[in-house]
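# A closer look at the structure
Listed below are the residues making up each chain.
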Amino acid sequence: MVPKLRVLIAYLTYSGNTQEVATIIQDELHANEVETAVHRIGIDPPVDPSSYDIIFLGTFTWDMGSTPEEVKDFILEIGYKPENVAVFGTGDTQFGGDDLFCRAVDKLVKFYHSPWSGLKIEQSPRGKQEQLVKDWVEGVLYHGKSNAGKSKDTRTVKSK
Ligand SMILES: Cc1cc2nc3c(=O)[nH]c(=O)nc-3n(C[C@H](O)[C@H](O)[C@H](O)COP(=O)(O)O)c2cc1C
């Protein structure tokens, strides 16, 4: 029997948009028979990310393209740079246009040298952006940079 992937979804939200994305990600992972654990940044006790096959890290963008302090604290708390971080986030183009839109996602993708493109959602993902989230999750699971184009049976991260 192939062991199930274990995935951590860690996110920060103030007004709920990033949480909505996290929920869609979780539902999509469950639909793919992936086990998930959720960590609410700034609320839940510290988590050990080393026991997960993929870490989905979600944040909104704040203050002229900044990453929220709680997310920075979470990064420090982890204390190392896992190589399996997939970054998602929400933002609003009304705050600085395309240049600053979801800038925190870009920063975290770069920081973690993420093998996956970051997912950027404008405000709530409900409605037509929902499919974007689902497609992105499928991409992370089955089409990582290192094995893009391989069959759907090939998972990006091998189970431990
Ligand atoms: C004071 C303030 C500054 C913001 N700055 C940015 C920004 O620089 N870039 C961006 O894309 N969104 C910006 N936003 C929009 C939020 O990132 C967006 O509303 C996000 O979905 C909130 O996430 P949450 O609902 O999970 O808390 C800003 C919002 C506020 C209130």
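Residues numbered from 1 in each chain as written. Predicted model: local features only at pLDDT ≥ 70, side-chain atom pairs only at ≥ 80, totals over all residues.

The chain is annotated in an unreviewed UniProt entry as Flavodoxin of Virgibacillus pantothenticus. If you open the UniProt record of the chain and go to Cofactor (unreviewed entry), you find "FMN". UniProt, in its Function (unreviewed entry) section for the chain, records the words "Low-potential electron donor to a number of redox enzymes." (UniProt positions renumbered as here; feature names shortened; annotations may be inferred.)

On to the nonpolar core, then. Among the nonpolar cores identified, the biggest contains 40 residues, and I25 and F56 are the most heavily contacted of them. Of all elements in the fold, only strand 1 (6–11), helix 1 (17–31), strand 3 (54–60), helix 2 (69–78), strand 4 (85–91), helix 4 (103–111), strand 5 (119–122) and helix 5 (130–142) reach the threshold of two or more residues within this core. The contacts of F56, once residues within four sequence positions are left out, are V7, L8, I9, I25, A86 and F88. (Core = buried A, V, L, I, M, F, W, Y, C linked by C-beta atoms within 7 Å. Buried ≥ 20, exposed ≤ 12 C-beta atoms within 10 Å, placed from the backbone. Helix = DSSP H or I, 4+ residues; strand = E, 2+ residues; numbered from the N terminus. Contact = placed C-beta atoms within 7 Å.)

The subject of this paragraph is the site of the ligand. Close to the ligand lie 22 residues; N17, T18, F60, G91 and F95 are nearest. Looking at the shell around the ligand, the elements that each hand over two or more residues are helix 1 and strand 4. Its residues assigned to classes, the shell around the ligand comprises eight nonpolar, eleven polar and three charged. (Near = placed C-beta within 6 Å. Nonpolar A, V, L, I, M, F, W, Y, C, P; charged D, E, K, R; others polar.)

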